[in-house]
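A structural walkthrough
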Amino acid sequence: MIERIWSGRSWLYIVLLPLSALYGLVSGLRRLSYKLGLNRSWQAPVPVVVVGNVTAGGNGKTPVVIWLVEQLQQKGYRVGVVSRGYGGKSKHYPLLVTDEVATAQAGDEPVLIRRRTGAPVAVAPKRVEAIQALLAHAPVDIVITDDGLQHYALRRDYEIVVIDGVRRFGNGCWLPAGPMRELAGRLNSVNAIIINGGTPEAGEVSMTLKGDLAVNLLTGETRKVADIPNSIAMAGIGHPPRFFATLQQLGASLQKTHAFADHQSYEKSQLLALANSRQNLLMTEKDAVKCFQFAQPNWWYLPVYADLPEEKGQKVLNDICALLPELNTANNQ
């Protein structure tokens, strides 16, 4: 239903317009207060890059964060990541994400980023506190913040917005009548716009999510999605239909699909009920990081990787590297 409302295919969005106007007023005044200096933004001692979005829901932001971290690491930079940690609840903040920290504490995306990149990751509702904890924990040359475009308490040196190229801005209304956290005009002030799927417009960088090898949660075995028979697909992400469509494009023999809420927490019995021993359960990597402790032999996840055009992707990297001092080889070994 929410997809129909946000896409403009349901007139019910009209009922929500007064709440949207209030949302827009409050968020606009808040941003203006930082612009006028009524509220102060904190400047980190190292460059900060925000990877965020102007809409609610899954846009492919986390794969971009992982791509950016890995690209900078390959260049020799020490990269740290901070996040709000949606879906997690810790007894204390800021929280440094280690191999022992569960998704129930840190949230699924920070654990996934840590697992994939090995970069130091810190979580806190106030990203300033997360960065301070990160800097106290390990020397870093640059900080990437996973989401946080609207977190104006933190100054940023570079802003990347990720947009779902198929859904784009829906009906263009603020939450809750539409998907917009900020109106599309906000894009005029960001440094880079990355489009996940669809057709990019002028000035936008296209991105596709690559990956056709599923990984067994229990054994680590890899197998082409098309070679996994009798599959049941599940996804607890911002936009599950995208994952299901990807599996179908890869030739998966899907018998059924199950969509869960974004950042859904799982119990073993809940997932056992989805697929019997003669079936295979396919999930996203974001789901998998919450299921390793009770994984079954017939559970698989699909890692995906952001793929950007070399020239435009390199320009984004070069612009970010220009914010950094010349590498000190001795400090980065």
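Before reading further, recall that the structure is shown in the block above.
Here's what I pulled together on the structure shown here. Just so you know, the residues in each chain are numbered from 1, in the order the chain's sequence is written. Reporting of local features is limited, given that this is a predicted model, to residues whose pLDDT is at least 70; pairs of side-chain atoms are given and counted only at 80 or more, and all residues count toward the totals for whole chains, interfaces and linings. Values reported for side chains reflect all heavy atoms of the structure, with hydrogen atoms and water molecules removed beforehand.

1. Topic: unusual backbone geometry
Negative phi characterises most residues that are not glycine, and trans characterises most peptide bonds. Across the junction of Y93 and P94, the peptide omega takes the value 0 degrees, indicating a cis bond. Structurally, P94 can be placed in the loop between β2 (79-83) and β3 (95-97). The amide bond that connects L175 to the next residue, P176, takes the cis arrangement and shows omega of 0 degrees. Examined against the element boundaries, P176 turns out to sit in the loop between β6 (158-164) and β7 (192-196). Backbone geometry at D147 places phi at a positive 75 degrees, although glycine is not the residue there. What counts as a helix is a DSSP run of H or I of at least four residues, what counts as a strand is a run of E of at least two, and both are numbered from the N terminus. Along the polypeptide, D147 turns up in the loop between β5 (142-146) and β6. For D147, a relative accessible area of 5% gives the class buried. Relative accessible area decides the class of each residue, using a 1.4 Å probe on protein chains only: under 20% of the type maximum gives buried, over 50% gives exposed, and in between gives partly exposed.

2. Things to note about the side chain of E109
Here E109 is to be found in helix α5 (residues 108-117). Owing to a relative accessible area of 11%, E109 belongs among the buried residues under this scheme. For the purposes of these results, a polar contact is taken to be a pair of N or O atoms within 3.5 Å, where, inside protein, one atom must be able to donate a hydrogen and its partner to accept one; residues adjacent in sequence count only when each atom of the pair is a side-chain atom. Within the structure, E109 has its side chain in polar contact with the side chain of K286 (distance 3.1 Å). For this analysis, residues touch if any pair of their heavy atoms sits within 4.5 Å. When sequence neighbours within four positions are dropped, the list of residues in contact with E109 reads K61, T62, D146, H263 and K286.

3. Here we look at the pairing of strand β14 (residues 299-302)
Judged by which residues are buried, β14 turns out to be covered on both faces: W299 and Y301 on one side and W300 and L302 on the other are all buried. In this sheet, β14 lies alongside strand β9 (residues 213-216) in antiparallel orientation, the contact comprising two bridges. Within β14, the position partnered with V215 by the bridge is Y301. In this structure, strand β13 (residues 280-284) lies alongside β14, joined through four bridges in parallel fashion. Residue pairing across strands places L281 opposite W299, the latter belonging to β14. When DSSP finds at least two bridges between two strands, those strands are taken to pair.

4. Focus on helix α3 (residues 61-74)
The span you would expect from a helix comes to 1.5 Å times its residue count less one. Taking 1.5 Å of rise per residue, the 14 residues of α3 would be expected to cover 20 Å, and the 20 Å separating its terminal C-alpha atoms lies within 8% of that figure. Among the 14 residues in α3, ten count as buried, and that is most of the element. Those residues of α3 that sit buried are K61, T62, P63, V64, V65, I66, W67, L68, V69 and L72. Directly after α3, the chain includes G76, whose backbone phi takes a positive value near 100 degrees.

5. Re the sheet that holds β5
Strand order in the open sheet made by the nine strands is β3-β4-β2-β5-β1-β6-β7-β8-β15, with mixed pairing throughout. A single partner strand is all that each edge strand has here, and the edge strands are β3 and β15 (305-307). Each strand axis lies, on average, 25 degrees off the axis of its neighbour in the sheet, ignoring direction. With three bridges connecting them, β2 and strand β4 (residues 121-123) associate as parallel partners. When the sheet's bridge partners are listed, V82 is paired in β4 with A122. Axes, fitted as lines to C-alpha atoms, cover a helix only where it is in contact. Angles between the N-to-C directions of the axes lie from 0 to 180 degrees. Set on the sheet, α3 makes contact with β1 (48-52), β2, β5, β6, β7, β8 (205-210) and β15; between it and β5 the angle comes to about 170 degrees. Contacting β1, β2, β3, β4 and β5, helix α6 (residues 127-137) crosses the sheet at an angle of about 150 degrees to β2.

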